[in-house]
Amino acid sequence: MISQELPRFVDEVIRSHELATGLKPLVSHQEIIAYAQSKGFNINQNEWTTYFERDFAQLSDSTQQKVLAAQTSHWSWAFRQISAWRAMLMEGADTNHS
């Protein structure tokens, strides 16, 4: 079961430029969880995994492949992990360039 903290974190990243900017250097799901926790959101690995997997399962095959192929070295990697955050990326935010 997912608490309300995780959806609240996802929504706050969309609303807060400061929170969104903090995603840019993150390179793993564990770092996203730790970042959320450092900002006062009480989420854990199991909740994140469930949330991510549900979101991922709803994507088209081509979008799933793009998420899996995203380079962790690119600033947009964390944004590509959740549909709501992916929608924040401008057209042309290409993962082939860092």
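For the structure itself, consult the block above.
Keep in mind that this is a model prediction, so the values were computed, not measured.

Thresholds, definitions, all that
Residues numbered from 1 in each chain as written. Predicted model: local features only at pLDDT ≥ 70, side-chain atom pairs only at ≥ 80, totals over all residues. Heavy atoms only, no water. Helix = DSSP H or I, 4+ residues; strand = E, 2+ residues; numbered from the N terminus. Contact = heavy atoms within 4.5 Å. Areas by Shrake-Rupley, 256 points an atom, 1.4 Å probe, with all protein chains shown as cover. Buried < 20%, exposed > 50% of the residue type's maximum accessible area, 1.4 Å probe, protein only. Polar contact = N/O pair within 3.5 Å; in protein donor to acceptor, adjacent residues only side chain to side chain.

Draft legend 1. Examining the overall build of the protein chain more closely. Scanning the protein chain for helices and strands turns up 6 helices and 0 strands. Put simply, the protein chain runs from its N terminus to its C terminus through helices and strands in the order α-α-α-α-α-α. Here the analysis covers contacts within the protein chain between residues at least 6 apart in sequence; of these, 55% occur between residues at least 24 apart. When the accessible area of the protein chain is evaluated, it comes to approximately 5,900 Å², of which 50% is carbon and sulfur surface.

Draft legend 2. Inspection of the side chain of Ser76 at higher detail. Secondary-structure assignment places Ser76 in the loop between helix H5 (61–69) and helix H6 (83–86). A relative accessible area of 0% places Ser76 in the buried class. Within the local environment of Ser76, its side chain forms a polar contact with the side chain of Arg80, the two groups lying 2.9 Å apart.

Draft legend 3. Expanded view of the environment of Phe56. One can find Phe56 in helix H4 (residues 45–57). Residue Phe56 is classed as buried on the basis of its relative accessible area of 16%. When the C-alpha atoms of Phe56 and Ile82 are compared, they prove to be 7.6 Å apart, with 26 residues separating the residues in sequence. Non-local contacts of Phe56, meaning those with residues more than four positions away in its chain, are made with Gln64, Val67 and Leu68.

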